[in-house]
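Structural features, examined
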Amino acid sequence: MANLFFRTSIAPYRIDIYNALHERLGCEMYFYYSFDSSQKLNEEGMRRMCHFTPTYLKGITFGEGETRKFCTEVWKILRRHKPEIVIVPEFQLLTIQVILYKFLFRKQFKVISMCDDSYDMVSNDHDFSFIHKYARKLIAPLVDNLLLVDSRVRDWYQKHYHKGVWLPIVRDEKKEKVHYENALPISRDYIKKYNLQGKKVLLFVGRFVKEKNLDNFIQAIGKTKEDFVTVLVGSGELEEQLKEMARNIDKEIIFAGHYVDDGVRAWYNVADVFILPSKQEAYGAVTNEALIAGDFSIVSEHAGSACLITPDNGVQIKPYDIEGIARAIDNSMCRIKKADSCVVKDCLMPFLFDNIINNVIKEINKQ
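Everything in this summary refers to the structure shown in the same document. (Residues numbered from 1 in each chain as written. Predicted model: local features only at pLDDT ≥ 70, side-chain atom pairs only at ≥ 80, totals over all residues. Heavy atoms only, no water.)

Thoughts on the sheet that holds strand 14 (residues 296–300)
Operational definition: When DSSP finds at least two bridges between two strands, those strands are taken to pair. Secondary structure counts use DSSP, requiring at least four H or I residues in a row for a helix and at least two E residues in a row for a strand, with both numbered from the N terminus. Between N-to-C directions, angles cover 0 to 180 degrees, with each direction set by a line fitted to C-alpha atoms, over the stretch in contact for helices.
What the 6 strands build is an open sheet, ordered 12-11-10-13-14-15; its pairing is parallel. Strands at the two margins of the open sheet, each flanked by one partner only, are strand 12 (252–257) and strand 15 (314–317). Along the sheet, successive strands turn relative to each other by an average axial angle of 20°, direction set aside.

A short note on the layout of surface pockets
Quick reminder of the rule: A pocket, in this scheme, is an open set of points on a 1 Å grid over the protein atoms alone with protein on both sides within 12 Å along at least 5 of 7 lines, while a cavity is a set where a 1.4 Å probe fits but cannot get out; residues line either one if an atom lies within 4 Å of a point. Grid points are joined across faces, edges and corners, and a volume is the space filled by probe spheres set on the points.
A volume near 380 Å³ is recorded for the second largest pocket. Lining the second largest pocket are 24 residues, with Ala271, Asp272, Ile336, Lys337 and Lys345 positioned closest to its centre.

Looking at unusual backbone geometry
Spelled out, the test is: The classification of residues rests on relative accessible area computed with a 1.4 Å probe and restricted to protein chains. Under 20% of the type maximum is buried, over 50% is exposed, and intermediate values are partly exposed.
Notably, Lys82 is not glycine yet its phi reads approximately 50°, a positive angle. By the secondary structure assignment, Lys82 is in the loop between helix 3 (74–81) and strand 6 (85–89). The phi angle at His162 is positive, at roughly 60°, despite the residue not being glycine. Looking at the secondary structure, you find His162 in the loop between helix 7 (151–161) and strand 9 (165–166). According to the relative accessible area criterion, His162 is exposed, its value standing at 67%.

Below, the structure is given as structure tokens:
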């Protein structure tokens, strides 16, 4: 007998959580795909981080989007493992397959959905798709519980469905600190390459797509009064358009390119303030990465990771308020006292990874 975990793909920012669920709940780990093809990730590096051997599900993909897959082996897997707990993706066909098996064969295992809904999605009727909105209404009443990335969403589900456990997308800060230390030589190379010594740095990390709201962000930079350098780490379809906008702004804006692993950790070391200005963002795992690195963080209230922000570690912004974004940047930069050399800063995460996982395991194991 083994508990089961189903997910679309392996993501580097979730591997610590996957390892904990595998080890603490005895979950066998199944995935649709080996990695998320929409992102440029280090697939081999991710596999080395896993404390489990992933199994990839066979099936038929239809329509747009990798989550629309009919997995032909799900019932066979359920019969073989006889689980007490099955963790499923949010409101997908595979979830329906697991629920049907449970009810048709009168099984007693718990079905728990791992759901990435943001507060903006559930409270402002701002879902990514029509299908997701109505799948929630159909499936949420049928699962035994949900693991939710945003504490505000947890409260919303508790109110509407009387279920929900908070499990933000977080890394183990103790392990990550070692990586940030190892990345310091790369950080110092960046400072030298881009002439950043003694300069305050504002950092964005992510894809250059419309959901990230980078056009409003660049306009806001043009309205700031403080002296700082903006570094954008990433790539995407809007890159040339954004570079053209930046050329018309009287501020230094660096498009550094795409980085992974220690390459991007090194940029968090260099940064003083981090920003996630998204107008639509299910979560935004980069906020956790920035806070672990000790970067004061400016986060859109539409991002699920805004639940990690406190008055001590950052500020929330309204993504369409360009003047407000500019004020938040200036106020944040005023807080910064630039260090003489690049060092690993104190972690600003308000919650510890082990405490979060312990609470999740406790809630899942409740009868």
